[in-house]
Amino acid sequence: MELTVALPEEPILIGDRVSLAITATHPTNAVVELPEIGHEKDVMVLNREWKSEPQGDGTARTETTYTLTSFRLGEHLLTTNPVICRAGGQIETNAFPETYLKVVSSLEENASRQLADIKPIHKLPGRIPAWVWMVPGAALVAFLIGLITSKLWQNREALVPKAPPIPPHITAFKALEELKSKGLLEKDECNPFYTELSLILRTYLEGRFHLNAPDETTEEIVEEMSRSPELDGAQRNMLQEFMRQADMVKFAKGHPDRSSMESAFDTTKQFVEETKPTDLTLNT
């Protein structure tokens, strides 16, 4: 696999946008996995677009364009993770070129960084003494407090307790049924199908295991769940395999057949069923 990375060398100002282009030439049957850009929050990814074109010699050229920005001064390394190419059971790893995003301030170099002193308060000449307004104001506040307290006391028995929150597995099962009713399987629309299925699972993980799953990468989720004492080895493998397959469809434009899509749906439902809270879990 051949890899090129293009980022303007000129520094940007805080909040400005800049384009990062990553071009990979690889076998047509290969899947290219790009690392996460700006993992440490110094660099923010605003948009990502990609296109892949066959070259006619058994290879394809995939170009991914990121729109980046930053709100922190300095030179920020985009990533330290490699680019992975999977083809026919073989895995090729390429180091990501050392690339920095330079962010500078719009202030001049000799500009003072000290804050100016606060100007003294300029009082307007008063015509009416302050106590004249304080007396009716205090009376009005006392009246309102008494009125509200009286209403609450009269209606204290009519107050209805808040309904308990819906358990995450109930929400997940309902979302799975809604996804199934959309007919994406019958229409062979694998990309929106896997996108919704992945979101359902991530939302369940957030509510069930208190992860920030919707905003985390697959690697971060798998690593955190590998340390969870509530999952056994089979459940960890089930989660990892589905997350990898969903990423291939969303980011590498893979196109599984219908049986694979049905299997992914059943696997997600089985994972939720096996890991939902028990009565003992709810009472602890």
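Residues numbered from 1 in each chain as written. Predicted model: local features only at pLDDT ≥ 70, side-chain atom pairs only at ≥ 80, totals over all residues. Heavy atoms only, no water.

1. Side note on the pairing of strand 6 (residues 59-69)
Burial runs high along strand 6: 8 of the 11 residues are buried. By the bridge criterion, 10 bridges tie strand 3 (residues 18-27) to strand 6 in an arrangement that is antiparallel. Across the sheet, Pro27 pairs through a bridge with Thr59, a residue of strand 6. Here strand 5 (residues 44-54) runs beside strand 6; their pairing, made up of 10 bridges, is antiparallel. For Met44, the partnering residue across the bridge sits in strand 6 and is Thr69. (Buried < 20%, exposed > 50% of the residue type's maximum accessible area, 1.4 Å probe, protein only. Helix = DSSP H or I, 4+ residues; strand = E, 2+ residues; numbered from the N terminus. Pairing = 2+ DSSP bridges.)

2. A look at the sheet that holds strand 6
The strand order across the open sheet built from 4 strands is 1-3-6-5, with neighbouring strands paired in antiparallel fashion. Each edge of the sheet is formed by a strand with only one pairing partner; in this case those strands are strand 1 (2-6) and strand 5. Taken over all neighbouring pairs, the strand axes of this sheet differ in orientation by 15 degrees on average, direction set aside. As judged from the 5 bridges shared by strand 1 and strand 3, these two strands associate in the antiparallel manner. Across the sheet, residue Val5 finds its bridge partner in strand 3, namely Ile22. (Axes fitted to C-alpha atoms, helices over the stretch in contact; angles between N-to-C directions.)

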